[in-house]
Amino acid sequence: MSEVTAPRFRSVLDRFAAYKPGKVALSPEGRSFKLSSNESPHEPLPSVQKAITEAARNINRYPDNNATALIEAIAAEYRVPAEQVAVGCGSVGVAQMLLEAVAEPGAEIVYAWRSFEAYPLLVGLSGATSVQVPLRDEVHDLDAMADAITPETRLVFVCNPNNPTGTVVGRRELERFLDRVPADCLVVLDEAYREYVRDDNVPDGLTLLPGRPNLVVLRTFSKAYGLAGLRIGFLVAHPEVAGSIRKTYLPFSVNSIAQVAGVASLEAGDELRARVAATVAERDRVRDALLADGWTVPHTEANFVWLRLGDRTVEFSAACDAHGVSVRPFPGEGARVSIGSPEENDAFLTVAATYPHRT
């Protein structure tokens, strides 16, 4: 009888921990203010809720694998041909589709660090090698990122606004960077927080697509559209690129309710923009209050603020937890704090005002 051994798994699994979503804290009084996941504080719009309810009657059927109505609605909203659009299970799912299309052992993927925490996990699972380029003053160092590109580089992520710092790069810097990237290397402009941008110097990535066949613009319905629980992401790229990425789509991974909710959300654009404007106003209020209280807070164009706390990060997160306020700590680096409702934001500001170690 042969010796019993443990199942064999890929060695890459030994080198990193699984993705950890934002936690929920509870104060001794039973209060809970979740500011750890960059979610919209608003429930779905009434018209979207109605569409979801009606779509639920048909969940015994498989969804449209081609997401035809959703792709057509996205194409109409952003005034691009439908053949330039691909959808997936959240922007993380679309990022994974991109890596499945280009990554393999020996390939390199370049991105800033710190940036979106899913990048190293997705790259590691793809078999490719991560090349992390440090931020400079909390902002993407695009010159250093361009210098890091080698013949083995298949893809570069540029998160704009950057998660978790909220900082941005402007049109001139971005165009200069794109001009330096080889034509056979994809540049993925991750614009998950695009709707919150108010700086006119920050370009809509879609305006950069003409004449740049290696550029991909990545968006999501999870943030401004408030559909985080339904997982819808999409990309816009040149037809050849979008077509190649669609080949990696996991069948039926954008479910039927998500597809209907996405279409309904696009039809409710005016209401959505009003909600986003309210979040932007709260973002500015929170940052101004922190600055007035002595904190150093980078200018943010997203729906969160970033506090560089270094080795005090865990302590600060625990202080927030004790008051029922959950933030997203990155031990040894800093804490990201989402913008919630005015009540949630006030609860956070109360903790920040009493915390004895400012940065």
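Now for a description of the structure that goes with this document. None of these values were measured; they are calculated from a predicted model. (Residues numbered from 1 in each chain as written. Predicted model: local features only at pLDDT ≥ 70, side-chain atom pairs only at ≥ 80, totals over all residues. Heavy atoms only, no water.)

### Notes on the packing of helix 9 (residues 269–292) against helix 11 (residues 342–354)
One can describe the packing of helix 9 onto helix 11 by two numbers: an axis separation of 11 Å at closest approach and a directional angle of 10°. Looking at the two axes, helix 9 sits roughly parallel to helix 11. In terms of crossing hand, the pair formed by helix 9 and helix 11 is right-handed. Along its contact with helix 9, which presents E282, R285, V286, A289 and L290, the element helix 11 presents P342, N345, D346, F348, L349 and A352. For the contact of helix 9 with helix 11, the class distribution of residues is seven nonpolar, one polar and three charged. (Axes fitted to C-alpha atoms, helices over the stretch in contact; angles between N-to-C directions. Helix = DSSP H or I, 4+ residues; strand = E, 2+ residues; numbered from the N terminus. Parallel < 35°, antiparallel > 145°, perpendicular 65-115°, else oblique. Left-handed = near helix turned anticlockwise from the far one by under 90°. Contact = heavy atoms within 4.5 Å. Nonpolar A, V, L, I, M, F, W, Y, C, P; charged D, E, K, R; others polar.)

### Some remarks on the packing of aromatic side chains
A full pass over the atoms with the stated rule returns 14 aromatic pairs. Look at Y119 and F157: their rings are 4.3 Å apart centre to centre, the planes differ by 10°, and that puts the pair in the stacked class. Here Y119 is found in helix 4 (residues 118–126), whereas its partner F157 is found in strand 5 (residues 153–159), with 38 residues between them in sequence. Since its relative accessible area comes to 1%, Y119 is described here as buried. Look at W306 and F330: their rings are 6.0 Å apart centre to centre, the planes differ by 55°, and that puts the pair in the tilted class. Residue W306 is located in strand 9 (residues 304–308), and its partner F330 is located in strand 11 (residues 328–330); the two are separated by 24 residues in the primary sequence. Exposure remark for F330: the relative accessible area of 5% places this residue in the buried category. The lysine or arginine in question, R336, covers the ring of F304, its NZ or CZ lying 5.9 Å from the ring centre. (Phe/Tyr/Trp six-rings, centres within 6.5 Å; stacked < 30°, edge-to-face > 60°. Buried < 20%, exposed > 50% of the residue type's maximum accessible area, 1.4 Å probe, protein only. Lys NZ or Arg CZ within 6 Å of the ring centre and 35° of its normal.)

### A few points about the sheet that holds strand 4 (residues 129–134)
Strand order in the open sheet formed by seven strands is 2-8-7-6-5-3-4, with mixed pairing between adjacent strands. With partners counted over all chains shown, the strands left at the sheet margins are strand 2 (85–88) and strand 4, one partner each. Going across the sheet, the axis of each strand differs from the next one's by a mean of 25°, ignoring polarity. Here six bridges tie strand 3 (residues 108–113) to strand 4, and the two strands are oriented parallel to one another. By the bridge assignment, A112 is partnered in strand 4 with V133. The strands touched by helix 2 (residues 68–78) are strand 2, strand 7 (215–220) and strand 8 (233–237); relative to strand 2, the strand with the most contacts, the crossing angle is about 125°. (Pairing = 2+ DSSP bridges.)

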